[in-house]
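# Examining the three-dimensional arrangement
Here is what each chain is made of, one letter per residue.
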Amino acid sequence: MTTTAAQRATAATAGTRTAPPQTRDVGTQPGAVVEPHLDPALTGRPDVRPVSRRLGPGPRRRLAGLVGPAALILLWVVSSATGLLDPRILSEPWTVVSTAGELIADGRLQENLAISAQRAGFGLLFGIVVGAVLALLAGLSRVGEALIDGPVQIKRAIPGLALIPLLILWFGIDETMKVLTITLGVFVPIYLQTHAGLRGIDLRYVELAQTVGLTRSGFIRRVVLPGALPGFFLGLRFAVTGAWVSLVVVEQINSTSGIGYMMELARTYGQTNIIVLGLAVYGVLGLLSDAAVRLLERKALSWQRTLAG
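Within each chain, residue numbers correspond to sequence positions counted from 1 in written order. Per-residue local features are limited, in this predicted model, to residues with pLDDT of at least 70; the limit for side-chain atom pairs, both in listing and counting, is 80 or more; totals at the level of whole chains, interfaces and linings are taken over all residues. To get the side-chain values, all heavy atoms of the structure are used, and hydrogens and water are removed first.

## Some points on the layout of surface pockets
The computed volume of the largest pocket comes to approximately 610 Å³. Of the two site types, the cavity is a set of points on a 1 Å grid over the protein atoms alone where a 1.4 Å probe fits but cannot get out, and the pocket is an open set with protein on both sides within 12 Å along at least five of seven lines, each lined by residues with an atom within 4 Å of a point. Lining the largest pocket are 18 residues, with Pro 69, Leu 72, Ile 73, Trp 76 and Ala 280 positioned closest to its centre. Working definition: helices are DSSP H or I runs of at least four residues, strands are E runs of at least two. Numbering for both runs from the N terminus. Contributions of two or more residues to the lining of the largest pocket are made by helix H2 (67-81), helix H3 (93-105) and helix H11 (272-300). When residues in the lining of the largest pocket are grouped by element, the largest group, seven residues, is from H2. The classification used treats Ala, Val, Leu, Ile, Met, Phe, Trp, Tyr, Cys and Pro as nonpolar, Asp, Glu, Lys and Arg as charged, and all other residues, Gly among them, as polar. Grouping the constituent residues of the lining of the largest pocket by class yields 16 nonpolar, two polar and no charged. Grid points are joined across faces, edges and corners, and a volume is the space filled by probe spheres set on the points.

## Here's the deal with the packing of aromatic side chains
Two rings from Phe, Tyr or Trp (for Trp, the six-membered ring) form a pair when their centres are within 6.5 Å of each other. A pair whose planes differ by under 30 degrees is stacked, one over 60 is edge-to-face, and the rest are tilted. A full pass over the atoms with the stated rule returns three aromatic pairs. Geometrically, the ring pair formed by Trp 170 and Phe 171 is edge-to-face, given 6.4 Å between the ring centres and 80° between the ring planes. Seen from their ring centres, Phe 232 and Phe 233 are 5.5 Å apart, and the 70° between their planes marks the pair as edge-to-face. Judged on exposure class, the residue Phe 232 and its partner Phe 233 are both buried. The cut-offs for exposure are 20% and 50% of the maximum accessible area for each residue type, with area from a 1.4 Å probe on protein chains only; residues under the lower value are buried, those over the upper are exposed, and the others partly exposed.

## A look at the nonpolar core
With 31 residues, the main nonpolar core has Leu 236, Trp 244, Leu 247 and Ile 259 as its most contacted residues. When residues of this core are traced back to their parent elements, those giving at least two are H3, helix H4 (108-140), helix H7 (175-199), helix H9 (216-250), helix H10 (259-268) and H11. Contacts are residue-level and defined by heavy atoms, with any inter-residue pair within 4.5 Å sufficient. If we ignore the near neighbours within four places in the chain, the residues touching Leu 247 are Ser 116, Arg 119, Ala 120, Ile 182 and Tyr 282. To define a nonpolar core, start from buried Ala, Val, Leu, Ile, Met, Phe, Trp, Tyr and Cys residues and group those joined through side-chain atoms within 4.5 Å. In this structure, Ala 135, Ala 138, Val 152 and Leu 184 belong to the second largest nonpolar core, which totals 10 residues.

## Focus: the side chain of Thr 99
Tracing the backbone through its elements, the reader meets Thr 99 in helix H3. Residues contacting Thr 99, with those up to four places away along its chain left out, are Asn 273, Ile 274 and Leu 277.

## Points about a nonpolar patch on the surface
Together, Phe 122, Leu 125, Phe 126, Val 129, Val 133 and Leu 137 make up an exposed nonpolar region whose accessible area comes to about 540 Å². As for its position among the elements, Val 129 is in helix H4. Residue classification places Val 129 among the partly exposed residues on the basis of a relative accessible area of 46%. Patch criteria: residues need more than 30% relative accessible area and no salt bridge. Like-charged residues are merged within 9 Å; nonpolar side chains of Val, Leu, Ile, Met, Phe, Trp and Tyr are merged within 5 Å. Only the protein chains shown count as cover for residues, with accessible areas throughout obtained via the Shrake-Rupley method and a probe of 1.4 Å. By definition, a salt bridge exists where a carboxyl oxygen of Asp or Glu is found within 4 Å of a side-chain nitrogen of Lys or Arg.

## Here's the deal with the side chain of Thr 194
In this fold, Thr 194 is placed in helix H7. Relative accessible area serves as the criterion here: at 4%, Thr 194 is assigned to the buried category. Polar contacts involving the side chain of Thr 194 include one to the main-chain carbonyl oxygen of Ile 190, which spans 2.7 Å. Excluding anything up to four places from it in sequence, Thr 194 contacts Ala 135, Ala 228, Gly 231 and Phe 232. Polar contact is defined as a pair of N or O atoms within 3.5 Å, subject to the rule that within protein one atom must be able to donate a hydrogen and the other to accept it, and that residues adjacent in sequence are counted only when both atoms are side-chain atoms.

## A short note on the pattern of salt bridges
Counting across every chain of the model gives nine salt bridges. Here Glu 175 makes a salt bridge to Arg 119, at a shortest N to O gap of 2.8 Å. One end of the pair, Glu 175, is in helix H7; the other, Arg 119, is in helix H4, and 56 residues separate them in sequence. Close ionic contact of Asp 202 with Arg 204 constitutes a salt bridge, the shortest N to O distance being 2.6 Å.

## With respect to the environment of Met 263
Tracing the backbone shows Met 263 in helix H10. The sequence separation of Met 263 and Leu 277 amounts to 14 residues, and the corresponding C-alpha distance is 8.4 Å.

Interpretation in functional terms is not warranted from these geometric data alone.
Right, here's the structure in full:
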């Protein structure tokens, strides 16, 4: 009897408990439950949820990459206008602009720029192909790594510019020597970063490819190439910079054309304005080429979500 009475009391108490309030969506079927932040009854109330401090760099700003160069040019203009910068040391910006107009009018700047761009383009193309192929051979084969990685590391320790005297003895001072020098300055960063990207591929993806029965070509196309792309593009940014650096040097060694030749000739006659113009041209080319690589990288790696945005 005592147990039955206790059970009845418990049942009565449970029956009198109030069910938790449910938020209903107005305009839907009766009984439909919605999230509290969608409830019309809460509309207009202040949001009291805690807001944490943003840890990332924030959203990408258009043309943000031009802020630094613009500030540098502004500093140059102000220093020249106030006399803090001696024009015998560094020509004024307006003098360099007028010099550029004169060289464009007589066609010398376009001609030398086209020759320089051609040299850099061929050297960059050959360096990318050589570096990527060697990285694939060394990254996908232990035998290839044993044969290739050591010599590349030796070349890495030897500056490419130190090989110029030997290259001149072998190939003379014509275009072959210049393009080959640029190629040597390009393929090493391509190889290093692509090889590191290949070695960084998670082994689970390799095991998954074996499980699903991918062929060798399918494995390279679906696993190897996507996994190596981030490293390849990082190496490409270094390679573009290396191409312009190598170009500056080779065009000032027994050259008869190009921006570097124009600068070396100006040095002979003490024309600082032309030298500064050549440096500005190299800087603009480097900035534009790096921006092009970064744009291509964002398009090719759109599946990645990183701090770069």
